[in-house]
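# Report on the structure
These are the residues of each chain, in order.
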Amino acid sequence: MDDSAYGGSTGPFHGASQFKIQQAYMVEKVGIERGQDDDLLVVLQKQIAHGAMHNSSERYNLPKCHPGTREELLNEIFAWINHANKEARTMWLHAPVGAGKSVVAQTIAVRCMEEDKLAKSFFFSRHNADRNTYQSLIATIAYQLALYIVEVKTPLADALRNNGPTVWNMSLEWQITKLIVEPLSKTVYFNPSLRRKCLIIDGLDECLEPDMQAEVVRCFTKASSSISGGFLSVLIVSRPELYIRQAFKRERAGSFIPFNLTEKYDPEKDIEWFLRDKFSHIRLYHPLCHNLDSNWPSNEQIEQIVSRSSKQFIYAATVLRFVENPPSNPRKSFERVFDINIINPFAELDSLYMSILRDATRDGEVYQKLLLIFEALLFFRGVKVPQLLDDFLHLDGDIMAILIDVHSIVHIPALNPGPRNEITYYHASFTDFLLDSRRSGKFFIDEALAYLHLSEHCIKCLRKFLKDTSSREERPKTFSPSIRGYFHYLYRSLLLNPEVFSSNDYTAKDGIAVVCKATIESKYATIGFKIQTPKGSITGVL
């Protein structure tokens, strides 16, 4: 054995004696020797999230935009990629749950790859430990840079050599600067004829670290504008989550392009075309196609599915997946879509809703209040303006804080300025989900109990009304629409919860009694009411 390797005649410990080695540790070398740039991919491969790339095996069955659909949208995005101006080299494509954001992102990634315009891609996934954190983001992007842009290998290898193994422990901004911006800037400088490239980051909202969601926005918006010649465009795709939305608000005006997928283009024609084309395929190729008529399904049925889709592809796509399942008869499966009492064809959609609701209601108090808001949105249709709903449900100004984590399925006016000033559900299927106990589990809303809960708040509002009018010499002869609405909902609650009341007489803790009787004449219902208080009674007919 050659002693020199262990401190012999030429080793580092030559001439030393009676010494100790304490707290020893080993440092792993980066492993890229000068002149051996091909080792770069081997080194990077240890750090990457393989499933995050658009063409990975984990994403092999993710659909692209159906042929003939979303063409105008895709053309606008590609026009931006090809001609991104000096200022706005970042685009934020956003939409709520079910709008087809990832399908659009996948379509763009595949097309960019075919046209040699894809720099790299990273698709986050909250359920995959390798893809729900930023830790592997830069390594995965750098790996693809070296794989697809040959000219970047040398400057990237130099960056890894110069910064050593601690590179992965540095801040996100530092990693982007050293491993993306600087190597690409050098590459573009020495190869000015290189074609523009697009970086795609999809599902940023599925990164489990909200502060890092904002940091990704900040750092990549800055990076895209730091590389000369407009070489790099960055497409960030996500739901409009709070941290991401705020991060873009902090960016300089004009430094990015916001692109609301659901508002900029009306997708109903595309959804109808998608349905008709897929049903045509089922009629031709399904194992039981001999049982299907050429006019199946009817125009009316297709229009009904389009209407139920609420301008979002997820519902239509889920219906088709259910209907085309080979073991089942497509005609019978399609009938089941309209009779949800038989089977649940929307397991995938339900899983999405359940995930959002569980994350939003980890606090038990929030859970109760959120369900109360959902009850009001379903059954107290006259009050959907945030402040009015907050007052009616006695939430003490907390309605925005309660709804903030479900804004991807609920439209909140303050977060989405526009003509709609009411709180509404983005997707009609969410109502079906809430009203079916088999689908929504602990988030199920029972109509009778909902009316009972709402009646308690009606009583509180009537109590305030009585208190405000008790000092007047004359009782009001007419009532505002909101007061009349309280009586309607009280009566409905009495009908749905007869076991809770005695002789249709509901007595509140403060001594206010409400008695409702109804008579039905022809097609019209007349509701008589009487509110008994210690100071007298108010009676009337609605």
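What you see is a predicted model; the values in this text were computed from it and never measured. (Residues numbered from 1 in each chain as written. Predicted model: local features only at pLDDT ≥ 70, side-chain atom pairs only at ≥ 80, totals over all residues. Heavy atoms only, no water.)

### Structural notes on the packing of helix 4 (residues 137-148) against helix 6 (residues 172-190)
Selection criterion: Convention adopted: a line fitted to C-alpha atoms gives each axis, helices being fitted over their contacting stretch, and angles between N-to-C directions are expressed from 0 to 180 degrees. In this text, helices come from DSSP runs of H or I with a minimum length of four residues, and strands from runs of E with a minimum of two, each type numbered from the N-terminal end. The labels follow the angle: roughly parallel below 35 degrees, roughly antiparallel above 145, roughly perpendicular from 65 to 115, and oblique for the rest. Note on contacts: a residue pair is in contact if any heavy atoms of the two residues lie within 4.5 Å. Each residue gets one label: Ala, Val, Leu, Ile, Met, Phe, Trp, Tyr, Cys and Pro are nonpolar, Asp, Glu, Lys and Arg are charged, and the others, such as Gly, are polar.
The N-to-C vectors of helix 4 and helix 6 enclose an angle of 10 degrees; their axes lie 10 Å apart at closest approach. As judged from the angle between their axes, helix 4 and helix 6 are roughly parallel. Only Leu172, Gln175, Ile176, Leu179, Ile180 and Leu184 of helix 6 make contact with helix 4, whose side of the interface consists of Leu137, Ile138, Ile141, Ala142 and Leu145. Among the residues forming the contact of helix 4 with helix 6, the class breakdown is 10 nonpolar, one polar and no charged.

### A look at the pattern of salt bridges
Quick note on the threshold: The term salt bridge refers to a pairing of a side-chain nitrogen on Lys or Arg with a carboxyl oxygen on Asp or Glu at a separation within 4 Å. Here the term buried applies to any residue with accessible area under 20% of the maximum for its type, exposed to any over 50%, and partly exposed to those in between, with areas from a 1.4 Å probe on protein chains only.
Scanning the entire structure with this criterion turns up 18 salt bridges. Put simply, Asp116 and Lys197 hold a salt bridge, and the shortest N to O gap is 3.0 Å. One end of the pair, Asp116, is in the loop between helix 3 (101-114) and strand 2 (118-123); the other, Lys197, is in strand 3 (residues 197-202), with 81 residues separating them in the sequence. Residue class for Asp116 comes out partly exposed when judged on its relative accessible area of 40%. Here Glu182 and Lys178 are joined by a salt bridge, their closest N and O atoms 3.4 Å apart. Linking Glu182 with Lys178, this pair stays in helix 6, spanning four residues, or about one helical turn. A residue is classified by how much of its surface remains accessible, and Glu182, at 32% relative accessible area, is partly exposed. A network of salt bridges, in which partner residues are shared, links Glu173, Glu215, Arg218 and Lys222.

### As for the sheet that holds strand 5 (residues 256-260)
Using the following cut-off: Strands were regarded as paired on the criterion that DSSP finds at least two bridges between them.
Pairing within the open sheet is parallel, and its five strands lie in the order 2-3-4-1-5. The two strands at the open ends of the sheet, each matched to only one other strand, are strand 2 and strand 5. Strand after strand, the sheet turns through a mean of 15 degrees between neighbouring axes, direction not considered. In this sheet, strand 3 lies alongside strand 2 in parallel orientation, the contact comprising five bridges. Pairing of Phe122 across the sheet is with Ile201, part of strand 3. Running over the sheet, helix 3 touches strand 1 (90-94), strand 2, strand 3 and strand 4 (232-238) and is turned about 155 degrees from strand 3. Against the sheet, helix 8 (residues 242-250) touches strand 1, strand 4 and strand 5, its axis set at about 150 degrees to strand 1.

### Regarding the side chain of Glu251
Here is the rule we go by: In summary, the charge assignment counts Lys and Arg as positive and Asp and Glu as negative, without counting His or the chain termini.
Tracing the backbone through its elements, the reader meets Glu251 in the loop between helix 8 and strand 5. Among buried charged residues, Glu251 stands out as having no salt bridge; its nearest opposite-charge side chain is Arg218, 6.2 Å away. Not counting residues up to four positions away in its chain, the partners in contact with Glu251 are Val217, Arg218, Thr221 and Phe256.

### A short note on the packing of aromatic side chains
Convention followed: The rule is short: rings of Phe, Tyr and Trp, with Trp giving its six-membered ring, pair when the centres are within 6.5 Å, and they are stacked under 30 degrees, edge-to-face over 60, tilted in between. Think of it as a cone above the ring: NZ of Lys or CZ of Arg counts as a charge over the ring if it is within 6 Å of the ring centre and within 35 degrees of the ring normal.
According to the stated counting rule, one finds 15 aromatic pairs in the structure shown. Ring geometry for Trp92 and Phe248: centres 4.7 Å apart, planes at 15 degrees, overall stacked. Linking Trp92 in strand 1 with Phe248 in helix 8, this pair joins segments that are 156 residues apart in sequence. Exposure class is identical for Trp92 and Phe248. Each is buried. Note that Arg111 overlies the ring of Phe78, its terminal NZ or CZ placed 3.8 Å from the centroid. If you follow Lys442 out to its NZ or CZ, it ends over the ring of Tyr367, 5.2 Å from the centre.

### A few points about helix 6
We count it as follows: In this analysis, the expected span of each helix is defined as 1.5 Å times one less than the number of residues it contains. Bend, at a single residue, is the angle you get between axes fitted to the 7 residues ending at that residue and the 7 residues starting at it.
With 19 residues, helix 6 should reach 27 Å at 1.5 Å per residue; the first-to-last C-alpha distance of 26 Å fits that figure. Its axis deflected by about 30 degrees at Lys178, helix 6 carries its strongest bend there. Among the residues of helix 6, those classed as buried are Leu172, Gln175, Ile176, Leu179, Ile180, Val181, Pro183, Leu184, Thr187 and Val188. The inward-facing, buried residues of helix 6 contact strand 2, helix 4, helix 5 (153-163), helix 7 (210-226) and strand 4.

### So, the packing of helix 2 (residues 71-82) against helix 3
Our working rule: Here a crossing is called left-handed whenever its near helix is offset anticlockwise from the far helix by less than a right angle, and right-handed whenever the offset is clockwise.
For the pair helix 2 and helix 3, the least separation of the axes is 11 Å and the interaxial angle reads 50 degrees. By the angle between their axes, helix 2 is oblique relative to helix 3. Crossing handedness for the pair helix 2 and helix 3: right-handed. Note on element contacts: helix 3 touches helix 2 through Val104, Thr107, Ile108, Arg111 and Cys112, opposite Leu73, Leu74, Asn75, Ile77, Phe78 and Ile81. Of the residues that constitute the contact of helix 2 with helix 3, the class distribution is eight nonpolar, two polar and one charged.

### A few points about helix 5
Lys153, Pro155, Leu156, Ala157, Ala159, Leu160 and Arg161 are the residues of helix 5 that are buried. Looking one or two residues past helix 5, Gly164 carries a phi angle of roughly 70 degrees, positive in sign.

### Regarding the environment of Glu76
Spelled out, the test is: The term polar contact refers here to a pair of N or O atoms within 3.5 Å; inside protein, the definition further demands a hydrogen-donor-capable atom paired with an acceptor-capable atom, and it admits residues adjacent in sequence only when both atoms are side-chain atoms.
Tracing the sequence through the fold places Glu76 in helix 2. With a relative accessible area of 30%, Glu76 lands in the partly exposed category. Apart from residues lying up to four places away in sequence, Glu76 is in contact with Phe259, Lys264 and Tyr265. One polar contact links Glu76 to Tyr265, side chain to side chain, over a distance of 2.3 Å.

Remember, this is a structural readout, not a statement about activity or role.
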